[in-house]
Amino acid sequence: MKLEQLFSVKNKIVLITGGSRGIGEMIAEGFIANGAKVYISSRKEVEIKETARRLKKTYGGFCEAIPCDISKIGGVEKLALEFKKKETHLDVLINNAGAVWGEPLEKFSEIGWDKVMDLNVKSIFFMTQKFLALLKVNAQPDSKSRIINIGSIDGINTPYYENYSYSVAKAAVHKLTKVLAARLISDNIICNAIAPGPFPSKMLGSAVKHDYTIISKKNPSNRVGRSTDIAGIALFLASQASEFTVGEVISCDGGLVASAGHDLTND
Ligand SMILES: NC(=O)c1ccc[n+]([C@@H]2O[C@H](COP(=O)([O-])OP(=O)(O)OC[C@H]3O[C@@H](n4cnc5c(N)ncnc54)[C@H](OP(=O)(O)O)[C@@H]3O)[C@@H](O)[C@H]2O)c1
């Protein structure tokens, strides 16, 4: 392999769940701009098709939408079936689709557990299971296929918001990443996770009323995440450059995890 291609994802076939907006769209942009063949999936057909159209127009590459609800195993199977009609292998699976639920402890509902655990944890397991054969097709000792799971720093730090099922689910995503990594490395498939900090999106925006001023000020980097921040880590984890990085959970948070418990106001 040429050093000039160390970070290349050119011509790789990539599937990103939750790719219609937010972090999934930011990651999709990075891959399309770098010459990958990108499939994005989410529930709302009009929105996901519009995102694919917009990304193709902006970056001129390949982006196709496959609408699907993956919170139940039937949806995951449907997505795998639709994908197999289009491709005979998969190089990079990015399990990004996620949901959050916030309620005070006294009122926190059962649906708030089921919805979050089904999508954030269970779907990652079954996406891996149902796409395993496709991931194996081109997986070689010197060119491994990749799974990138999107966790959260809420699965590492104790969150400020009362999102009990979410932070627990994200800790489970981090653990599942390591368990799957240990099992899949012998199949030449590398599994890693990214734990994002705050990135502007519908999910985070609804928690902060779309005003990111306070969380920017509270961040050691004095801002929220940008699309290049999250796309950069995902591109690294999909490229040859990360071939010896296995089962890791990499924070992408401006320094929040590194400085947890360190009171910046005392500096
Ligand atoms: N933004 C942050 O600050 C932040 C921080 C840490 C971690 N994260 C994680 O990053 C990931 C993306 O979050 P985001 O902030 O970008 O959220 P978002 O803007 O709400 O996007 C969520 C995506 O998931 C899709 N989705 C939701 N339910 C689905 C289902 N049942 N089946 C298939 N797709 C579904 C949504 O499209 P539809 O509604 O059309 O299905 C959308 O494309 C999540 O795993 C989240 O936990 C985000």
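The structure this text deals with has already been given above.
Keep in mind it's a predicted model, so treat the numbers as computed, not measured.

Asks: Could you clarify how one ought to interpret the environment of Glu82 in this entry?
Replies: Mapped onto the fold, Glu82 is located in helix H3 (residues 73-84). Judged by relative accessible area, which is 24%, Glu82 ranks as partly exposed. Within the local environment of Glu82, its side chain forms a polar contact with the side chain of Lys85, the two groups lying 3.0 Å apart.

Asks: It is not clear to me how the side chain of Glu25 should be interpreted in this structure. Could you clarify?
Replies: On the secondary structure map, Glu25 appears in helix H1 (residues 22-33). Judged by relative accessible area, which is 14%, Glu25 ranks as buried. Each residue touching Glu25, except ones within four places of it in the same chain, is listed here: Gly18, Gly19, Ser20, Thr51, Arg54 and Leu55.

Asks: What should I look at first to understand the pairing of strand E3 (residues 62-65) in this one?
Replies: Looking down a regular strand, the side chains alternate between one sheet face and the other. Residues Cys63 and Ala65 point to one face of E3 and are all buried, whereas Phe62 and Glu64, pointing to the other face, are not buried. Bridge count between strand E2 (residues 37-41) and E3: four bridges; the pairing is parallel. Bridge assignment links Val38 to a residue of E3, and that residue is Cys63. Where the polypeptide runs from E2 across helix H2 (residues 45-59) and back to E3, its parallel neighbour, the crossover connection is right-handed.

Asks: So what exactly am I meant to see when it comes to the packing of aromatic side chains here?
Replies: For any pair of aromatic rings, the description consists of the separation of the ring centres together with the inter-plane angle of the planes. Under the criterion given, the structure shown has eight aromatic pairs. Judged by centre distance (5.1 Å) and plane angle (75°), the ring pair of Tyr39 and Phe83 falls under edge-to-face. You can see Tyr39 sitting in strand E2 and its partner Phe83 sitting in helix H3, a full 44 residues away along the chain. With respect to class, Tyr39 is no different from Phe83; both count as buried. Between Phe108 and Trp113, the aromatic rings sit 6.2 Å apart at their centres with planes inclined by 65°, giving edge-to-face as the arrangement. With relative accessibility at 15%, the residue Phe108 sits in the buried group. Judged by its relative accessible area of 32%, Trp113 falls in the partly exposed class.

Asks: So what exactly am I meant to see when it comes to H3 here?
Replies: One turn of the α-helix equals 3.6 residues, which is why residues spaced by three or four share an orientation. Here H3 spans 17 Å end to end across 12 residues, near enough to the 16 Å set by a 1.5 Å rise per residue. Those residues of H3 that sit buried are Gly75, Val76, Leu79, Ala80 and Phe83. Buried residues of H3, seen end-on, are gathered within an arc of 140° and therefore sit on one face of the element. Next to the buried residues of H3 lie strand E1 (13-17), E2 and helix H4 (110-137).

Asks: Any chance you could explain the sheet that holds strand E6 (residues 189-196) here in plain terms?
Replies: Sheets are built from strands that pair by backbone hydrogen bonding, the pairs being arranged parallel or antiparallel. What the seven strands build is an open sheet, ordered E3-E2-E1-E4-E5-E6-E7; its pairing is parallel. Single-partner strands in this sheet number two, and they are E3 and strand E7 (249-252). Strand-to-strand twist in this sheet, taken as the mean axis angle between neighbours without regard to direction, amounts to 20°.

Asks: So what exactly am I meant to see when it comes to the pattern of salt bridges here?
Replies: Once their charged atoms are close, side chains differing in charge can pair, the charge on each being opposite to the other. Going through the model one piece at a time under the given rule, you end up with 15 salt bridges. Glu45 is the partner of Lys49 in a salt bridge, and the nearest nitrogen-oxygen pair spans 2.8 Å. With Lys49 and Glu45 both in helix H2 and four residues apart, the pair spans about one turn of that helix. A relative accessible area of 44% means that Lys49 is categorised as partly exposed.

Asks: Would you explain the nonpolar core in this entry?
Replies: If you look at soluble globular proteins, the nonpolar side chains tend to sit buried side by side. By size, the foremost hydrophobic cluster in this structure holds 34 residues, and its most contacted members are Leu15, Phe83, Leu90 and Phe131. Of all the secondary structure elements, the ones that give two or more residues to this core are E1, H3, H4, helix H5 (164-184) and E6. Sorting elements by how many residues they give to this core places H4 first, with nine residues. Other than its neighbours up to four places away in sequence, Leu15 contacts Tyr39, Ser41, Leu79, Phe83, Leu90, Val92, Leu93, Ile94, Met127 and Phe131.

Parameters at a glance
Residues numbered from 1 in each chain as written. Predicted model: local features only at pLDDT ≥ 70, side-chain atom pairs only at ≥ 80, totals over all residues. Heavy atoms only, no water. Helix = DSSP H or I, 4+ residues; strand = E, 2+ residues; numbered from the N terminus. Buried < 20%, exposed > 50% of the residue type's maximum accessible area, 1.4 Å probe, protein only. Polar contact = N/O pair within 3.5 Å; in protein donor to acceptor, adjacent residues only side chain to side chain. Contact = heavy atoms within 4.5 Å. Pairing = 2+ DSSP bridges. Right-handed = clockwise from strand over helix to strand, strands pointing away. Phe/Tyr/Trp six-rings, centres within 6.5 Å; stacked < 30°, edge-to-face > 60°. Expected span 1.5 Å × (residues − 1). Arc of directions from axis to C-beta. Axes fitted to C-alpha atoms, helices over the stretch in contact; angles between N-to-C directions. Salt bridge = Lys/Arg side-chain N within 4 Å of Asp/Glu carboxyl O. Core = buried A, V, L, I, M, F, W, Y, C linked by side-chain atoms within 4.5 Å.

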